[in-house]
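# Examination of the molecular architecture
Listed below are the residues making up each chain.
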Amino acid sequence: MNAQTPVIELKDVSKIYSLPFGDVTALNHVSLEVMPGDFLAIMGPSGSGKSTMLNLIGSLDVPTDGDLFIDGTNIKNLTDEELTSLRRDNIGFIFQQFNLLPLLTVKENVEYPYILKYRHGDYEGRCEKLLERVGLTDHLMHHKPTELSGGQQQRVAIARALINNPKIMLCDEPTGNLDSKTGSQVMDLLAELNRQGKTVIMVTHDADIAEYANKKIVITDGEIK
Ligand code: ADP
Ligand code: MG
């Protein structure tokens, strides 16, 4: 028996979106265990339910049916406040479009989740250290995101995802907006973070990018094949 607790566990999870013209079943009774230190690639065609699964894992949305455990806690038993706190403690997000706030500087973007969590400014030096960890020099700190290249913006997004030291990094098509060379460099960074102990769960439809993972699942029509 494996004594380790999965960092993420889905038990018979379904997600149905109710729309005016009818229901869309985005996930249909899926079960999955992600263990500490895994690097999981979630593959599948467009519209198959990959982002839905990632959003549920990241508790940006909740299942219609079934059970989802984050770090051993069934999210069904939590208040909204507790769920937000569980998410902030455990999960960092990285998106295809980087999702940096355009009016904030790089430093402000990176520090933002820290301020949301702790409500105070005891973050001196953290941004500099994180920028170094993701391969950027700290002279970029006072620039706005649009002054940076796509690869640099994604590195800033990764620094932001790391600021509260989450166990899990969720990445939705992290290289989808990058050329292949820059994409490989960003993947090397995610692989390095995985070696340092982060659990990485990544959505991609690119088979070469999925090679960075040690586990793969394929979702088709809301089901794991
Ligand atoms: P993928 O990321 O694999 O492209 P998604 O998870 O985005 O797939 O979408 C799965 C299905 O759920 C699609 O049919 C999509 O149109 C639908 N869907 C996704 N998000 C929503 C939403 N917020 N409201 C309604 N339908 C949605
Ligand atoms: Mg998607």
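Note that the structure is predicted; figures quoted are calculated from it, not measured.

## With respect to the side chain of Thr 199
Secondary-structure assignment places Thr 199 in strand S8 (residues 199-203). Residue Thr 199 is classed as buried on the basis of its relative accessible area, which comes to 2%. In this structure Thr 199 touches Val 7, Val 34, Met 35, Pro 36, Gly 37, Asp 38, Lys 167, Ile 168, Met 169 and Asn 194, once residues within four positions along its chain are discounted.

## Considering the packing of helix H3 (residues 106-118) against helix H5 (residues 150-162)
Running from amino to carboxyl end, H3 crosses H5 at an angle of 30 degrees, the nearest separation of the two axes being 7 Å. Relative to H5, the element H3 is oriented roughly parallel. The two elements H3 and H5 cross, and the hand of that crossing is right-handed. Judged by residue contacts, Val 106, Asn 109, Val 110 and Pro 113 of H3 engage Val 156, Ala 159 and Arg 160 from H5. Residue composition of the contact of H3 with H5, grouped by class: five nonpolar, one polar and one charged.

## Details of the confidence of the model for the protein chain
Predicted coordinates in regions of low pLDDT should not be interpreted in detail. When the pLDDT values of the protein chain are averaged, the result is 93; 97% of them are 70 or greater. Here the predicted complex carries an ipTM of 0.98, next to a pTM of 0.94.

## Things to note about H5
Helical geometry note: an α-helix holds 3.6 residues per turn, so side chains three or four residues apart project in the same direction. A rise of 1.5 Å per residue sets the reference length of H5, with its 13 residues, at 18 Å; its end C-alpha atoms lie 18 Å apart and thus fit the reference within 8%. The element H5 is extensively covered by neighbouring structure, given that eleven of its 13 residues are classed as buried. Within the span of H5, buried status applies to Gly 151, Gln 153, Gln 154, Arg 155, Val 156, Ala 157, Ile 158, Ala 159, Arg 160, Ala 161 and Leu 162. Turning to H5, the residues buried within the fold contact strand S6 (91-95), H3, helix H4 (126-133), strand S7 (168-172) and helix H6 (180-195).

## A few points about the environment of Glu 173
Here Glu 173 is to be found in the loop between S7 and H6. When its relative accessible area of 11% is taken as the criterion, Glu 173 is described as buried. When the C-alpha atoms of Glu 173 and Met 43 are compared, they prove to be 9.9 Å apart, with 130 residues separating the residues in sequence. The residues touching Glu 173, leaving out its near neighbours within four places in the chain, are Lys 50, Gln 96, Val 203, Thr 204 and His 205.

## Side note on the pairing of strand S3 (residues 39-43)
For S3, the buried fraction is high: five of the five residues fall into the buried class. What you see with S3 is no split at all: Phe 39, Ala 41 and Met 43 on one side and Leu 40 and Ile 42 on the other are buried throughout. By the bridge criterion, four bridges tie S3 to S8 in an arrangement that is parallel. Directly across from Leu 40, in S8, lies its bridge partner Ile 201.

What counts, and where the lines are drawn
- Residues numbered from 1 in each chain as written.
- Chains lettered and ligands numbered in written order.
- Predicted model: local features only at pLDDT ≥ 70, side-chain atom pairs only at ≥ 80, totals over all residues.
- Heavy atoms only, no water.
- Helix = DSSP H or I, 4+ residues; strand = E, 2+ residues; numbered from the N terminus.
- Buried < 20%, exposed > 50% of the residue type's maximum accessible area, 1.4 Å probe, protein only.
- Contact = heavy atoms within 4.5 Å.
- Axes fitted to C-alpha atoms, helices over the stretch in contact; angles between N-to-C directions.
- Parallel < 35°, antiparallel > 145°, perpendicular 65-115°, else oblique.
- Left-handed = near helix turned anticlockwise from the far one by under 90°.
- Nonpolar A, V, L, I, M, F, W, Y, C, P; charged D, E, K, R; others polar.
- pLDDT = per-residue confidence, 0-100.
- Expected span 1.5 Å × (residues − 1).
- Pairing = 2+ DSSP bridges.

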